[in-house]
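Single-letter residue listing:
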Amino acid sequence: MKKLSVFLLTALTAICLAGCGKKEESQSLIVGFDQEFPPMGFIGEDGEYTGFDLELAEEVAKRLELDYKAQPIAWDSKDVELESGNIDCIWNGFTMTGREDKYTWSEPYMENSQVFVVNADSGIKSIADLKGKIVEVQMDSSGLKALEANPDILNSFEQLITTPDYNTAFMDLQQGAVDAICMDVIVAGYQINERKADMVILDESLSSELYAIGFKKGNTGLRDKVNKCLKEMKDDGTLAQISNKWFSKDITIIK
């Protein structure tokens, strides 16, 4: 009887461990994003996370039969979040240009450029007019990296201020605390339109780049699954539908 009890206990333990092992397998897609980066990812009027990139991510998770979770992160801590496994990917207007070797990347899905936003009545018409001006940029952003790659422009400013998010930068510009914001053109256009702000984007761009989804280096398995879904979404029109919702046209470049 004792032997039978030991056998049953051993068998039950094995079944329990097997079951626990299955639960530990990732059944979710945890998307890291900046919650103050409209229209790519932000908090909507209903208090829920929303945005162009988050809608894409949610649709991909649905097709992969994974639980979707939008995880807001501090943008300057994104690498720590990804390396620690707190998130599965960085999907939020994330520039792959200049970072090609740092992450495993999806196919690029959108083109972007870094530009300057100024008040319409500022008299600033070109990048040259920013000499002696105060410029604001998000910390650890593509805009900051683009400025650092153009020291002649950077050194012409009176001051360069970094900020955790662009909502703060737009308030600073509206209040006259800064003269210009350096940022993504896609986000700039959306912000100006939503705020109904009397601001303009300078015609000259600082740099051009590509948006893609960043995965932990070596995570080609998840990358390949996401790429396959994006291609399917392109072919069946879902990608264009989501783009039209947010930008009134299809600006995606998946082929």
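Structure's up top.
Anyway, here's the lowdown on the structure attached to this text. (Residues numbered from 1 in each chain as written. Predicted model: local features only at pLDDT ≥ 70, side-chain atom pairs only at ≥ 80, totals over all residues. Heavy atoms only, no water.)

With respect to the pattern of salt bridges
Argument step 1. Considering all chains together, one arrives at 10 salt bridges under this definition.
Argument step 2. A salt bridge links Lys-231 to Asp-235, with the shortest nitrogen-to-oxygen separation between them at 2.8 Å. Taken together, the positions of Lys-231 and Asp-235, both in helix H8 (residues 220–235) and four residues apart, correspond to about one turn of that helix.
Argument step 3. Note that Asp-250 is salt-bridged to Lys-234, the shortest N-O span being 3.7 Å. In this pair, Asp-250 sits in the segment after helix H9 (238–247) while Lys-234 sits in helix H8, placing the two residues 16 residues apart along the sequence.
Argument step 4. One salt-bridge network, in which partners are shared between bridges, spans Glu-59, Arg-63 and Asp-236. (Salt bridge = Lys/Arg side-chain N within 4 Å of Asp/Glu carboxyl O. Helix = DSSP H or I, 4+ residues; strand = E, 2+ residues; numbered from the N terminus.)

Here's the deal with the nonpolar core
Argument step 1. Counting residues in each nonpolar core, the largest one holds 64 residues, and the members touching the most others are Met-40, Phe-52, Trp-91, Tyr-109, Phe-116, Val-117 and Leu-230.
Argument step 2. The biggest single contributor to this core is helix H2 (residues 52–63), with six residues.
Argument step 3. Apart from residues no more than four positions distant in its own chain, Phe-116 is found in contact with Ile-127, Leu-130, Val-135, Leu-147, Phe-157, Ile-181, Cys-182, Val-200, Ile-201, Leu-202 and Leu-206.
Argument step 4. Grouped together as the second largest cluster of nonpolar side chains are 11 residues, Trp-75, Met-96, Tyr-103 and Ala-212 included. (Core = buried A, V, L, I, M, F, W, Y, C linked by side-chain atoms within 4.5 Å. Buried < 20%, exposed > 50% of the residue type's maximum accessible area, 1.4 Å probe, protein only. Contact = heavy atoms within 4.5 Å.)

What to know about H8
Argument step 1. Taking 1.5 Å of rise per residue, 16 residues should cover 22 Å, and H8 covers 22 Å from first to last C-alpha, within 8% of that figure.
Argument step 2. What H8 keeps buried is the set Leu-222, Arg-223, Val-226, Asn-227, Cys-229, Leu-230 and Met-233. Seen along its axis, H8 keeps its buried residues to an arc of 165 degrees; they face one direction. Facing away from the buried side of H8, by more than 90 degrees, are the exposed residues Lys-225, Lys-228 and Asp-235.
Argument step 3. On its buried face, H8 sits against strand S1 (28–33), H2, strand S7 (104–105), strand S14 (214–215) and H9.
Argument step 4. Following H8 by one or two positions, Gly-237 adopts a phi angle in the positive range, close to 90 degrees. (Expected span 1.5 Å × (residues − 1). Arc of directions from axis to C-beta.)

Details of the packing of H2 against H9
Argument step 1. Axis separation between H2 and H9 bottoms out at 10 Å; the angle between their running directions is 155 degrees. The orientation of H2 relative to H9 falls into the category roughly antiparallel. Like other packed secondary-structure pairs, H2 and H9 cross with a definite hand, here right-handed. Each of Phe-52, Glu-55, Leu-56, Glu-59 and Arg-63 in H2 lies in contact with H9, whose residues at this interface are Thr-238, Leu-239, Ile-242, Ser-243, Lys-245, Trp-246 and Phe-247.
Argument step 2. Looking at side-chain class alone, the contact of H2 with H9 contains six nonpolar, two polar and four charged residues. (Axes fitted to C-alpha atoms, helices over the stretch in contact; angles between N-to-C directions. Parallel < 35°, antiparallel > 145°, perpendicular 65-115°, else oblique. Left-handed = near helix turned anticlockwise from the far one by under 90°. Nonpolar A, V, L, I, M, F, W, Y, C, P; charged D, E, K, R; others polar.)

Brief notes about H2
Argument step 1. The terminal C-alpha atoms of H2, which comprises 12 residues, lie 17 Å apart, in line with the 16 Å expected from a rise of 1.5 Å per residue.
Argument step 2. Counting buried positions over the 12 residues of H2 gives nine, a clear majority of the element.
Argument step 3. Among the residues of H2, Phe-52, Asp-53, Leu-54, Glu-55, Leu-56, Ala-57, Glu-59, Val-60 and Ala-61 are the ones counted as buried.
Argument step 4. Glu-65 occupies a position one or two residues after H2 and carries a positive phi of about 60 degrees.

Focus: the sheet that holds strand S3 (residues 41–43)
Argument step 1. One open sheet holds the three strands; their spatial order is S2-S3-S4, and the pairing between them is antiparallel. The two strands at the open ends of the sheet, each matched to only one other strand, are strand S2 (36–37) and strand S4 (49–50).
Argument step 2. Alignment of S3 against S4, held across two bridges, turns out to be antiparallel. Its bridge partner lying in S4, Ile-43 is registered against Tyr-49. (Pairing = 2+ DSSP bridges.)

Some words on the sheet that holds S1
Argument step 1. With mixed pairing, five strands are arranged side by side in an open sheet as S5-S1-S6-S14-S7. For this open sheet the edge positions go to strand S5 (67–72) and S7, each flanked by a neighbour on one side alone.
Argument step 2. Where S1 meets strand S6 (residues 89–90), two bridges bridge the pair, whose relative direction is parallel. Pairing of Val-31 across the sheet is with Cys-89, part of S6.
Argument step 3. Where H2 meets the sheet, its contacts fall on S1 and S5, and the angle it forms with S1 comes to roughly 170 degrees.

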